[in-house]
Amino acid sequence: MANPPRSALVVDDERDIRELLVLTLGRMGLRVDTAADVASAKAQLAANKYDICLTDMRLPDGNGLEVIAHLNQRFPETPVAMITAFGNVEAAVDALKAGAFDFVSKPVDLSVLRRLVQHALELNEQRRAANLQQASGKLLGDAPRMQQLRSTIAKVARSQAPVYISGESGVGKELVARSIHEQGGRATGPFIPVNCGAIPTELMESELFGHKKGSFTGATSDKEGLFQAANGGTLFLDEVAELPLHMQVKLLRVIQEKTVRAIGAANEVAIDVRILSATHKNLARLVEDGRFRHDLYYRINVIELPVPPLRERHEDIPVIAAAVLKRLGDDWGDTAPPLSEGALSALGNYHFPGNVRELENILERAVALCEGDSIEAHDLQLPLSPDSRTQDFVQTNTVQTSTSNNSALPDALEKIERDAIQKALEACRYNKTKTAAHLGISFRALRYKLKKLEME
């Protein structure tokens with residue numbers, strides 16, 4: 001089942017503004033709810049979970065600061081941005097002091113709004129990753145290769161040399177990067193992860209190096225780049241192979257000169273940043289094919305740190321699975337059922353083309369669908385192990401298939417499932433035990449589906 005779409009709440013008493021934001025955010029793939037006043041906003045927040053909230057300052061029954069305060073108190077994990085009148089710097093400052101993560105001025109510049117929303121969604125992903133990292137004990141496992149990896153991390157953390165982290169998708173390359181940062185001398189500085197494949201080419205230079213007001217159409221204010229944001233800390237360039245060649249040239253200069261020049265700036269600014277990079281692709285082969293600069297490759301690959309795939313450390317599966325099950329139980333406010341011996345054996349015999357990330361997805365589904373006191377092998381719904389001829393194809397496409405959540409079929413199936421559950425809830429007067437029986441699924445499975453579909 002596809003993951004539910006990310007969602008936003010727009011709070012504004014002007015109908016035209018609400019419609020404009022609904023249209024803009026909808027085109028970004030978000031599900032959007034609206035409210036025209038503080039009371040309606042609080043009611044929506046009580047009934048739904050949102051990935052971001054946008055609120056106007058002036059509202060009929062109060063102001064946006066009340067919405068911000070309510071979110072900070074009840075839903076601190078939800079980032080909120082203030083919509084202020086043009087030039088009202090005082091209101092923007094008040095919003096930031098109250099806990100808003102950013103603000104946008106009226107009339108709303110849609111390019112600025114889209115970047116703001118994207119940053120908020122990235123902030124959510126980073127928080128989720130941090131929560132998972134904490135709950136799963138970071139780099140778990142006592143397999144020889146994992147012991148060697150942790151030992152190497154401890155050594156490279158003491159230096160400032162660039163580190164290239166290699167490994168398949170889902171092995172935990174960002175966890176390795178965070179461990180290097182946290183064990184090194186820059187632990188008190190910022191750790192800024194950047195997915196190079198997620199930044200549009202036309203915005204990449206601005207995102208990495210920043211820009212000055214008026215330097216191009218849409219640059220309505222100065223913007224700090226990610227290199228400047230990481231000053232004194234660590235910049236993690238994930239999927240660095242996705243950088244276009246012209247950006248590879250600029251990155252090489254930054255590494256060599258330790259300076260950056262924002263778009264439209266007259267002078268370069270010195271930066272103190274340690275660069276860690278990673279990709280699931282074969283970077284050396286890309287260099288041979290002329291798709292990645294050899295001089296940049298040698299600068300970022302001063303130390304290479306390979307992360308082993310899960311299939312090469314099967315003895316670590318029980319401890320990783322236990323940590324994931326504990327996290328799932330904590331997330332749902334319940335104790336997750338343990339794995340049976342048969343289920344552990346099945347996991348031990350599975351190839352895991354998607355590595356630890358795939359193990360997490362398998363266990364989350366199994367917890368929801370199992371009806372006994374423990375998770376059995378059939379609850380795992382493991383696919384048939386692909387043979388050697390298809391292994392490379394599956395491995396290469398793991399990320400693409402796991403992120404193809406915007407296709408029409410998953411969306412249509414999700415709508416059918418949502419409608420069926422909603423009708424069952426209404427028929428059973430929102431008694432979840434009766435609803436589960438009515439649908440012919442377990443109570444735990446219903447809770448899982450309500451959570452995934454954000455219907456709680």
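What counts as what
- Residues numbered from 1 in each chain as written.
- Predicted model: local features only at pLDDT ≥ 70, side-chain atom pairs only at ≥ 80, totals over all residues.
- Heavy atoms only, no water.
- Pairing = 2+ DSSP bridges.
- Helix = DSSP H or I, 4+ residues; strand = E, 2+ residues; numbered from the N terminus.
- Axes fitted to C-alpha atoms, helices over the stretch in contact; angles between N-to-C directions.
- Contact = heavy atoms within 4.5 Å.
- Salt bridge = Lys/Arg side-chain N within 4 Å of Asp/Glu carboxyl O.
- Buried < 20%, exposed > 50% of the residue type's maximum accessible area, 1.4 Å probe, protein only.
- Phe/Tyr/Trp six-rings, centres within 6.5 Å; stacked < 30°, edge-to-face > 60°.

Q: Would you mind going over the sheet that holds strand E1 (residues 7-11) with me for this structure?
A: The pairing of strands in a sheet comes from backbone hydrogen bonds and takes either a parallel or an antiparallel form. Reading across from one edge, E2-E1-E3-E6-E7 is the order of the five strands in this open sheet, with parallel pairing throughout. Bordering the open sheet on either side are strand E2 (31-35) and strand E7 (102-106), each of which pairs with just one other strand. Between one strand axis and the next, the sheet turns through 20 degrees on average, direction left out of account. Relative to strand E6 (residues 80-85), strand E3 (residues 52-56) is paired through four bridges, and the arrangement is parallel. Residue pairing across strands places leucine 54 opposite alanine 81, the latter belonging to E6. Against the sheet, helix H1 (residues 15-27) engages E1, E2, E3, E6 and E7, with an angle of about 165 degrees to E2.

Q: Whenever I open this one, the pattern of salt bridges confuses me. Can you help?
A: Pairing is possible between side chains that carry opposite charge, provided their charged atoms lie close to one another. Inspection of every chain in the model, using the stated rule, returns 18 salt bridges. The closest approach of N and O atoms between glutamate 19 and arginine 15, which form a salt bridge, is 3.0 Å. Of this pair, glutamate 19 and arginine 15 both sit in helix H1, four residues apart, roughly one helical turn. By relative accessible area, glutamate 19 is classed as partly exposed at 43%. Residue classification places arginine 15 among the exposed positions, given a relative accessible area of 60%.

Q: What exactly am I supposed to notice about the packing of aromatic side chains here?
A: Each aromatic ring pair is specified by the distance between its two centres and by the angle formed by the two planes. Per the stated rule, a full pass over the model turns up four aromatic pairs. Aromatic side chains tyrosine 350 and phenylalanine 352 sit 4.8 Å apart centroid to centroid with 75 degrees between the ring planes, which places their arrangement in the edge-to-face category. Residue phenylalanine 352 is classed as buried on the basis of its relative accessible area of 0%.

Q: Would you mind going over the sheet that holds strand E8 (residues 163-166) with me for this structure?
A: The strand order E9-E12-E15-E8-E16 describes an open sheet built from five strands, whose pairing is parallel. Lying at the two open borders of the sheet, with one neighbouring strand each, are strand E9 (191-195) and strand E16 (303-306). For this sheet the average axis-to-axis angle between neighbouring strands, irrespective of direction, equals 20 degrees. Both E9 and strand E12 (residues 234-238) contribute to a ladder of five bridges, which runs parallel. Paired with phenylalanine 191 across the strands is threonine 234, a residue of E12.

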